[in-house]
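So you can see what is in the structure, the chains are spelled out below.
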Amino acid sequence: LVSDQTFREFDRSLFELRRRHVVDVGEQGIDWLRFVRVRPADADNGAVLLAPEKPEGGEESLAVVVQRSEGAWRLLEPVARAADQEKIQALVAEIQYGTARTFVDSPQTLAQYGLNPPSARISVRSGDGPVQTLSLGGIAVDGDDGGIYMKRDDDPAVWVIDGHLLTLLPADPYAFQNRRLFTGAAADIAEMRLRHAGERLLLRRDAGADWRVARLTDEGPQWLDDVDQAAASAFVGALQVIEVDRFLESGVAQGFEDPWLALDITLTDGTERAVALGDAVTEETGAARRYARQDAGDAGTIGVFQAGLLARDAFSFRDRRLLPVSGREVVALRLLLDGEERHLIREGGQWRQTVPSAFRIRDAAPVEALLASLRDVRASGTADEGAAAGTLLLEAEVTTREGDVIGPLRVRADAVGDVLHATTAGRDETFTVGAEWLE
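The structure reproduced in this document is the subject of the present report. Predicted model only: the values in this text are computed from it and were never measured.

## Some words on the overall build of the protein chain
Right, on to step 1. A count of helical and extended segments in the protein chain gives 7 helices and 27 strands.
Right, on to step 2. Here the C-alpha radius of gyration of the protein chain, 32 Å, is well above what a compact globule of 439 residues would show, namely 22 Å.
Right, on to step 3. Along the first, second and third principal axes, the C-alpha set of the protein chain runs to 100 × 70 × 45 Å.
Right, on to step 4. Within the protein chain, the fraction of its 439 residues that count as buried is 40%.

## Focus: the pairing of strand β20 (residues 340-347)
Right, on to step 1. The pairing of strand β19 (residues 330-337) with β20 spans 6 bridges and is antiparallel. Bridging across to β20, L335 finds its partner in R342.
Right, on to step 2. Counted along the chain from β19 to the antiparallel partner β20, the turn is 2 residues long, and its residue D338 has a positive phi close to 55°.
Right, on to step 3. Counting the residues in the hairpin turn of β20 and strand β21 (residues 350-355) gives 2 residues, including G348, whose phi is positive at 60°.

## Notes on the side chain of R427
Right, on to step 1. Relative to the assigned elements, R427 resides in strand β27 (residues 427-433).
Right, on to step 2. Polar side-chain contacts of R427 include one of 3.0 Å to the backbone oxygen of D319.
Right, on to step 3. The contacts of R427, once residues within four sequence positions are left out, are D226, R318, D319, R321 and L322.

## Topic: the environment of T6
Right, on to step 1. For T6, the location among the structural elements is in helix α1 (residues 4-10).
Right, on to step 2. Spatially, the C-alpha atom of T6 lies 84 Å from that of R334, the residues being 328 residues apart in sequence.

## Regarding a nonpolar patch on the surface
Right, on to step 1. A surface patch of nonpolar side chains, amounting to about 290 Å² of accessible area, comprises I139, V141 and L166.
Right, on to step 2. Along the chain, I139 falls in strand β7 (residues 132-140).
Right, on to step 3. Judged by relative accessible area, which is 52%, I139 ranks as exposed.

## Focus on the nonpolar core
Right, on to step 1. Grouped together as the largest cluster of nonpolar side chains are 31 residues, with contacts concentrated most on I189, M192, L263, I265 and L310.
Right, on to step 2. Elements supplying a minimum of two residues to this core: β10 (189-196), β11 (199-205), β12 (211-217), α5 (229-241), β15 (261-267), β16 (272-282) and α6 (304-310).
Right, on to step 3. Ranked by the residues each element gives to this core, the list is headed by α5, at 5 residues.
Right, on to step 4. With residues near it in sequence (within four places) discarded, I189 still touches F182, R205, W211, V236, L239, I265, T266, L267 and T268.
Right, on to step 5. Core analysis: the second largest hydrophobic core is formed by 30 residues, V22, A120, I122 and M150 among them.

## Some points on the sheet that holds strand β6 (residues 120-125)
Pairing between sheet strands relies on hydrogen bonds along the backbone, with the strands arranged either parallel or antiparallel.
Right, on to step 1. One open sheet accounts for 9 strands, arranged β4-β3-β2-β1-β6-β7-β8-β9-β5; its pairing is antiparallel. The sheet is open, and its two edges are formed by β4 (81-82) and β5 (102-104), each paired on a single side.
Right, on to step 2. For β5 and strand β9 (residues 158-161), the ladder comprises 3 bridges, and the chain directions are antiparallel. Paired with T102 across the strands is V160, a residue of β9.

## Some remarks on helix α3 (residues 85-96)
Right, on to step 1. Helix length check: α3, at 12 residues, gives a terminal C-alpha distance of 16 Å against a target of 16 Å (1.5 Å per residue), a fit within 8%.
Right, on to step 2. Residues of α3 that are buried: I88, L91, V92, I95 and Q96. The buried residues of α3 occupy an angular sector of 130° when projected down its axis, which confines them to one face.
Right, on to step 3. Tucked into the core, α3 has its buried residues touching β1 (32-37), β2 (64-69), β3 (72-77), β6, β7 and α4 (165-168).
Right, on to step 4. Measuring from the backbone nitrogen of E86 back to the side-chain oxygen at the start of α3 gives 3.2 Å, which picks out D84 as the cap.

## Comments concerning the sheet that holds β12
Right, on to step 1. With antiparallel pairing, 9 strands are arranged side by side in an open sheet as β13-β12-β11-β10-β15-β16-β17-β18-β14. Two strands in the sheet have a free side with no partner beyond their single neighbour: β13 (220-223) and β14 (246-247).
Right, on to step 2. Bridge count for β14 against strand β18 (residues 299-303) is 2 bridges, and the pairing is antiparallel. Along β18, the bridge assignment pairs F247 with G300.
Right, on to step 3. On the sheet, α5 packs against β10, β11, β12 and β15 and is oriented at approximately 85° with respect to β10.

Basis of the calculations
- Residues numbered from 1 in each chain as written.
- Predicted model: local features only at pLDDT ≥ 70, side-chain atom pairs only at ≥ 80, totals over all residues.
- Heavy atoms only, no water.
- Helix = DSSP H or I, 4+ residues; strand = E, 2+ residues; numbered from the N terminus.
- Rg over C-alpha atoms; globule rule 2.2 N^0.38 Å.
- Buried < 20%, exposed > 50% of the residue type's maximum accessible area, 1.4 Å probe, protein only.
- Pairing = 2+ DSSP bridges.
- Polar contact = N/O pair within 3.5 Å; in protein donor to acceptor, adjacent residues only side chain to side chain.
- Contact = heavy atoms within 4.5 Å.
- Patch = residues over 30% accessible without salt bridge, like charges linked within 9 Å, V, L, I, M, F, W, Y side chains within 5 Å.
- Areas by Shrake-Rupley, 256 points an atom, 1.4 Å probe, with all protein chains shown as cover.
- Salt bridge = Lys/Arg side-chain N within 4 Å of Asp/Glu carboxyl O.
- Core = buried A, V, L, I, M, F, W, Y, C linked by side-chain atoms within 4.5 Å.
- Expected span 1.5 Å × (residues − 1).
- Arc of directions from axis to C-beta.
- Axes fitted to C-alpha atoms, helices over the stretch in contact; angles between N-to-C directions.

These results come straight from atomic positions and should not be treated as a statement about function.
Right under this line is the structure:
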């Protein structure tokens, strides 16, 4: 007698005992990959290929070749360029860990499986090991183990593997190039130095992951004490998603010697990256573009709107709220408007007016709308100190449930145009604000 476990260890089918992994790799994993599509010999000359070239019958399309070095993938063919790490790693993982669903051990003809010729070939290598080539065929639709037909170059059998692989293949020979202006990860950025329109700024991430912002002067950095974290995060987010829409051939005038905008980036591991925006250019279609150079060194163009997302000054990183009470419950409001002063208090969830006359406010909606308007008062810029001498239009001060008094905010008229000037307690400057919210 033997135990059930012993029996189960020996009770194996041929399928369980045979080699099922798509490729054989060591601990190093796949670090080189080549992909081509194959044009059938009898294909119609007008057939659509996923490559700009149309090879002759049975020929390979442009090859996509990538290689991993120091932990990062690099595109080698059809152009040497920064690679899209996520797309390549997804394909490599599918191949490296893929297994057969079933086998056709004695295929009468490879053509019936779409393998003579195949639709595509994938070659991989792990370290100094041999190159292993996989030929991809047609769709396997029979039975419950559907997928795609595949053949290893060293195995006479036809394999059926997961069809998900097809969704990860490059759609064209240039699909794996990294088009992002900044090809790294936003979480790895420790510091950025921005030069634009005569202003130099420093953005530095502190230990709590918040951003500090300073003007860089000859005397050293002048740190802002009212940084808007949302604005700083939006700047980093824009840097992460802006993509080059068209790469350039070398020798095209670009204006990177004295760039319109320059951004030097330091990563948490001390690595330095640099992004630059050069001259403006109008394409034949009339579209306005600006030359841009990736941190990987390749040059191309981006839209002027995308360029504008990076064109920041110190004021754009400041908290523009002049009555910053968002997210805090207001329990008292003092308001001077049109020469009349009103005092409102909230008690037991209901609002009451105490000045100039006392009564209970039955409908709180107008009060909440008024508070929402005051929360939305944001500076559009700064003004000269003397600009705060106009006619007083509004004065507002709020008290929060925590007992903090915020304000007063004072808004004055300007003699020219519809620009208003505002001052607020705790900030020494005079700000400009729009007039649309005042009504």
